[in-house]
Every structure is written in C-alpha cells, then in structure tokens.
Amino acid sequence: MTDTLGGRVHPGISLSGRVFRTMSKERILVIEDELDILTNIKLRLESRGFTVFTSKTGEEGLETAQKKIPDAILLDLMLPEINGLEVLKRIRSNRAISHIPVMIVSALGEESDVVVGLEMGADDYMSKPFNAAVLVARINALLRRNRQDDEKGLLRIGPIKMDVEAFHAFLDDEPISLTGAEYRLLLALIKSKGRVLTRNQLIDSVMGTDMIVTERTIDVHVTGLRSKLGDARKLIETVRGVGYRLNPSADLCTESR
Ligand code: CA
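Figured I'd write up the structure that's included with this text. Only a predicted model underlies this, so the values are computations on that prediction, with no experimental measurement involved.

Definitions and cut-offs
- Residues numbered from 1 in each chain as written.
- Predicted model: local features only at pLDDT ≥ 70, side-chain atom pairs only at ≥ 80, totals over all residues.
- Helix = DSSP H or I, 4+ residues; strand = E, 2+ residues; numbered from the N terminus.
- Expected span 1.5 Å × (residues − 1).
- Buried ≥ 20, exposed ≤ 12 C-beta atoms within 10 Å, placed from the backbone.
- Core = buried A, V, L, I, M, F, W, Y, C linked by C-beta atoms within 7 Å.
- Domains from an automatic or database assignment.
- Contact = placed C-beta atoms within 7 Å.
- Pairing = 2+ DSSP bridges.
- Axes fitted to C-alpha atoms, helices over the stretch in contact; angles between N-to-C directions.

A short note on helix H6 (residues 180-191)
The first and last C-alpha atoms of H6 sit 16 Å apart over twelve residues, in line with the 16 Å expected at 1.5 Å per residue. For H6, every residue scored as buried is listed here: Ala-181, Glu-182, Tyr-183, Leu-185, Leu-186, Leu-189 and Ile-190. In the segment just after H6, Lys-193 is the residue with positive phi, at about 50°.

Structure (structure tokens):
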C-alpha cells in the first residue's frame, strides 16, 4: 500500500490510525486524465470525508464544475485536448465558478507552467509525485482560507458577495446600491442555496416593519434587483407559478462585463 499519489512509493508513511477532521462534507472536483492517479486521489479524499467528483478531460471538468459548484478544484496541467492552463483560464473567466479555489498539479518538468498557472489565478500547486497526507493538508488549508470569508459574515455566490454585518452587497467586488427590500430579498435567495422560495416565503423575508408586501410587490422587487446585477441577474431564476430561486450553476457566459 502506498500513500504516494502519482509516482514513487514512500514506505513508512502510513495514514492509518490518524484522525482527520473535516467540518462538513466538502466537495472537491478532481480533473486528471490518468485513471490510476484519479482513482487513488478519489479514494484518499473520500476516506478523509470529502465528497469527490472526477473528470478525465478539461471539457468534462468545466461542465462538472458548473453543475456541481465544488468547494475546490484539483487540476492536472497535462490533459488531452484542452490542457490544464486553458481549463484554468476558462474557470477564472466564468463568473459562475471563478471564485472556486484551484490547486494545479504538475509533473516533473512543468515548472514554467506552474508559474504561468499561479499568475493566471491558481491558488496553490503540487508537483507529482505527492504524498496523500500533504495533499489533504494543502486542500484543507485552501478551504480554510476560503471559509474565513463565511466566518467574517460574507456570503458569496458567483460574482455576488454580501457583507451581512455591514449590510453591503457587491458585484465583482464593486458595491451595489440596493433598497432595503432588494437587500433582504437577495439575502433570502442566497441563504436558500439553490432551493426554490415561494412568493409567500419571500414576502416573509422581505417584509420590513413599515411596509406591506404582496406577491405582486415581490415581482417588482425581483425586477429591481435583477436590473442592478448585470449578467449576474441570470442567477435569479423565475420558477413558473411558484416563486424564485438563485441558481448557483446558472451559466453566466462571461468574458463580457
Ligand atoms: Ca495528466
């Protein structure tokens, strides 16, 4: 048995018996074309309590990233068809997934690509072969950095960020000016994490102490909110006859502003 992924065996390093803590089931997407390495990483991460999605090509990886919105992406640089750097570029220019931390994985001799990758916005890198324990530690560090946002009262979905304590909302880190009702509406939608909210539920969230809100008013506030969100307005989906939901995997088709 080996704890080394993607190469040499390091005997004497055993992870068995060690206790690893993970807060909740965090979701990692692994994009890697070599099946044995992919399987090995998947098993290792799953045994540490992560939920793991796998993709063998860049194209498939981008699709999965959009669909699943993982907490982090482990991206091999040397991939067939579209290579890792191109995948990274597409991740960073797609506003639905550009916030996801990416760790690039390189083989020997790809150091210059690592530098390019970091400059393109990769958050960290590892070189093959790597040790499973180190990989898990580095992924945890990556996730921890990202989680600090939540702890500071920041909520984020695609390009939208809300500072709950300061009562501010941002689009691509630029402050947006919302009415009180629009702010509460956006907050309710973000907190529902993709679930559909009925107009009645939204009335409860949006109602201020000094105003009467009807189902029709909700539609008016949604229209107002969408008009301030640019392309990100597509995140707010109308669910016919029911209400609204904020779909984190809506295609924002970016590169434009
Ligand atoms: Ca590869």
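Observations concerning the environment of Ser-177
Here Ser-177 lies in the loop between strand E11 (174-176) and H6. For Ser-177, a count of 9 C-beta atoms within 10 Å corresponds to the exposed category. Along the sequence, Ser-177 and Leu-225 sit 48 residues apart, while their C-alpha atoms lie 9.7 Å from each other.

With respect to the nonpolar core
Grouped together as the largest cluster of nonpolar side chains are 59 residues, with contacts concentrated most on Ile-73, Leu-74, Leu-75, Met-103, Ile-104 and Leu-186. For this core, the element with the highest residue contribution is H6, accounting for six residues. A domain split of this core shows at least three residues from each of domain 1 (4-151) and domain 2 (154-246). Apart from the residues within four sequence positions on either side, Leu-75 is in contact with Ile-31, Gly-84, Val-87, Leu-88, Val-102, Met-103, Ile-104 and Val-105.

Thoughts on the sheet that holds strand E10 (residues 168-171)
Judged by pairing direction, the sheet is antiparallel, and its four strands sit side by side in the order E8-E9-E10-E11 without closing on themselves. Since the sheet does not close on itself, it has two edges, and those belong to strand E8 (154-157) and E11, each with one partner. Taken pair by pair, the neighbouring strands of this sheet meet at an average axis angle of 30°, ignoring direction. Bridge count for strand E9 (residues 160-163) against E10 is four bridges, and the pairing is antiparallel.

Focus on the sheet that holds strand E2 (residues 27-31)
An order of E3-E2-E4-E5-E6 is seen for the five strands of this open sheet, with the pairing classed as parallel. Unpaired on one side and paired on the other, strand E3 (51-55) and strand E6 (124-127) mark the two borders of the sheet. Strand-to-strand twist across the sheet, computed as the mean angle between neighbouring axes with direction ignored, equals 20°. The sheet contact formed by strand E5 (residues 102-106) and E6 spans four bridges and is parallel. For Met-103, the partnering residue across the bridge sits in E6 and is Asp-124. Strands in contact with helix H3 (residues 84-92) are E2, strand E4 (72-76) and E5; relative to E4, the strand with the most contacts, it is inclined by about 155°. Along the sheet, helix H4 (residues 111-119) contacts E5 and E6; its crossing angle with E5, the most-contacted strand, is approximately 170°.

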